[in-house]
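# Close look at the chain arrangement
If you want the building blocks of each chain, they are given just below.
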Amino acid sequence: MTVTEQVPATATAELYFQVQQFYAHQMQLLDSGRVQEWAETFTEDGVFAANAHPEPAVGRTGITAAAQAATDAYAAKGIQRRHWLGMVTVEPRGEDAAFGRCYAVVVETPKGGQAAIRVSTLCEDTLVRENGRWLVRHRQITRDDL
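An account of the accompanying structure is given in this report. Bear in mind the structure is a predicted one, so any value in this text is a computation, not a measurement.

Moving on, we get to the overall build of the protein chain. Helix and strand content of the protein chain: three helices and six strands. Ordered by position in the sequence, the α and β elements of the protein chain form the string α-α-β-β-α-β-β-β-β. Taken against the 2.2 N^0.38 rule, which gives 15 Å for 146 residues, the C-alpha radius of gyration of the protein chain at 16 Å falls within 12% of a compact globule. Just so you have it, the protein chain exposes about 8800 Å², and 55% of that area is on carbon and sulfur atoms. On the protein chain, the mean spot of the 14 positive side-chain charges and the mean spot of the 18 negative ones are 6 Å from each other.

This is the structure in structure tokens:
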């Protein structure tokens with residue numbers, strides 16, 4: 001190992017479990033159309049950035065509006081979306097912060113149709129714990145096809 005290479009800090013089992021539970025809860029909120037509750041899993045000044053969007057959604061209000069528009073569009077088309085997160089890594093960043101990284105696959109199922117993988121992405125999050133709850137301060141989604 002060279003001097004410039006660093007081994008990332010290892011998450012405790014408890015931290016890893018907490019982040020896994022956070023991701024599961026967060027994605028189930030979004031997939032069930034509970035957009036406002038999903039947006040509340042971001043900090044008040046949170047950022048949702050994606051290489052598929054020209055500008056990031058900033059703040060809970062902006063994140064809520066962007067997610068609601070997407071959710072409404074899929075509902076109008078009769079498409080159920082499911083986000084499947086895997087290969088999760090968690091690096092502690094102090095007492096109440098962590099860096100989460102995972103692969104996210106989005107499956108879409110049209111009413112009466114076959115499920116299909118829509119996109120494969122990399123999700124990188126700066127997470128912070130506020131009032132005992134994990135929240136996303138900054139999310140970067142990178143679609144593999146772009």
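A separate point is the pattern of salt bridges. Opposite charge on two side chains lets them pair, provided their charged atoms get close. Applying the stated criterion to the full structure yields 10 salt bridges. Here Arg81 makes a salt bridge to Glu108, at a shortest N to O gap of 3.4 Å. Taken as a pair, Arg81 in strand 3 (residues 79-92) and Glu108 in strand 4 (residues 97-110) lie far apart in primary sequence, 27 residues in all. Neither residue differs from the other here; Arg81 and Glu108 are each classed as buried. Across the pair Glu91 and Arg93 runs a salt bridge, and its minimum N-O distance is 2.9 Å. Bridged by salt links that share partners, the residues Arg81, Glu108 and Arg118 form one connected network.

Glancing now at the packing of aromatic side chains. All told, the structure shown has four aromatic pairs when counted by the stated rule. Centre to centre, the rings of Trp38 and Phe48 are 6.1 Å apart; their planes meet at 65 degrees, and the pair counts as edge-to-face. A residue pair is termed long-range when its members are at least 10 positions apart, and Trp38 in helix 2 (residues 35-39) and Phe48 in strand 1 (residues 42-50) qualify at 10 residues. A relative accessible area of 3% places Trp38 in the buried class. The cationic tip of Lys77 hangs over the ring face of Tyr74; the distance from NZ or CZ to the ring centre is 5.9 Å.

A few words on the layout of surface pockets. In this structure, the largest pocket encloses a volume near 890 Å³. Along the walls of the largest pocket sit 33 residues, with Leu30, Phe48, Ala70, Arg81 and His83 positioned nearest its centre. The biggest single contributor to the lining of the largest pocket is helix 3 (residues 59-76), with seven residues. Residues that form the lining of the largest pocket fall into these classes: 20 nonpolar, seven polar and six charged.

Evaluation of the coordinates by the stated rule reveals zero disulfides. Residue Cys102 stays outside any disulfide, its sulfur separated by 4.3 Å from that of Cys123, the closest cysteine. A relative accessible area of 3% places Cys123 in the buried class.

Along any regular strand, the residues point their side chains to alternate faces of the sheet. Where strand 1 meets strand 6 (residues 133-143), five bridges bridge the pair, whose relative direction is parallel. In the strand pairing of strand 6, Val47 is matched with His138. Alignment of strand 5 (residues 116-130) against strand 6, held across 10 bridges, turns out to be antiparallel. Among the inter-strand pairings, Leu122 is bridged to a residue of strand 6, identified as Thr142. Taking the residues between adjacent antiparallel strands as the criterion, strand 5 and strand 6 are bridged by two residues, where Asn131 takes a positive phi near 50 degrees.

Criteria and thresholds
- Residues numbered from 1 in each chain as written.
- Predicted model: local features only at pLDDT ≥ 70, side-chain atom pairs only at ≥ 80, totals over all residues.
- Heavy atoms only, no water.
- Helix = DSSP H or I, 4+ residues; strand = E, 2+ residues; numbered from the N terminus.
- Rg over C-alpha atoms; globule rule 2.2 N^0.38 Å.
- Areas by Shrake-Rupley, 256 points an atom, 1.4 Å probe, with all protein chains shown as cover.
- Lys, Arg positive; Asp, Glu negative; His and termini not counted.
- Charge placed at Lys NZ, Arg CZ, Asp CG, Glu CD.
- Salt bridge = Lys/Arg side-chain N within 4 Å of Asp/Glu carboxyl O.
- Buried < 20%, exposed > 50% of the residue type's maximum accessible area, 1.4 Å probe, protein only.
- Phe/Tyr/Trp six-rings, centres within 6.5 Å; stacked < 30°, edge-to-face > 60°.
- Lys NZ or Arg CZ within 6 Å of the ring centre and 35° of its normal.
- 1 Å grid on protein atoms, 1.4 Å probe; cavity = no way out; pocket = protein on both sides within 12 Å on 5 of 7 lines; lining within 4 Å.
- Points joined across faces, edges and corners; volume = space filled by probe spheres on them.
- Nonpolar A, V, L, I, M, F, W, Y, C, P; charged D, E, K, R; others polar.
- Disulfide = S-S within 2.5 Å.
- Pairing = 2+ DSSP bridges.

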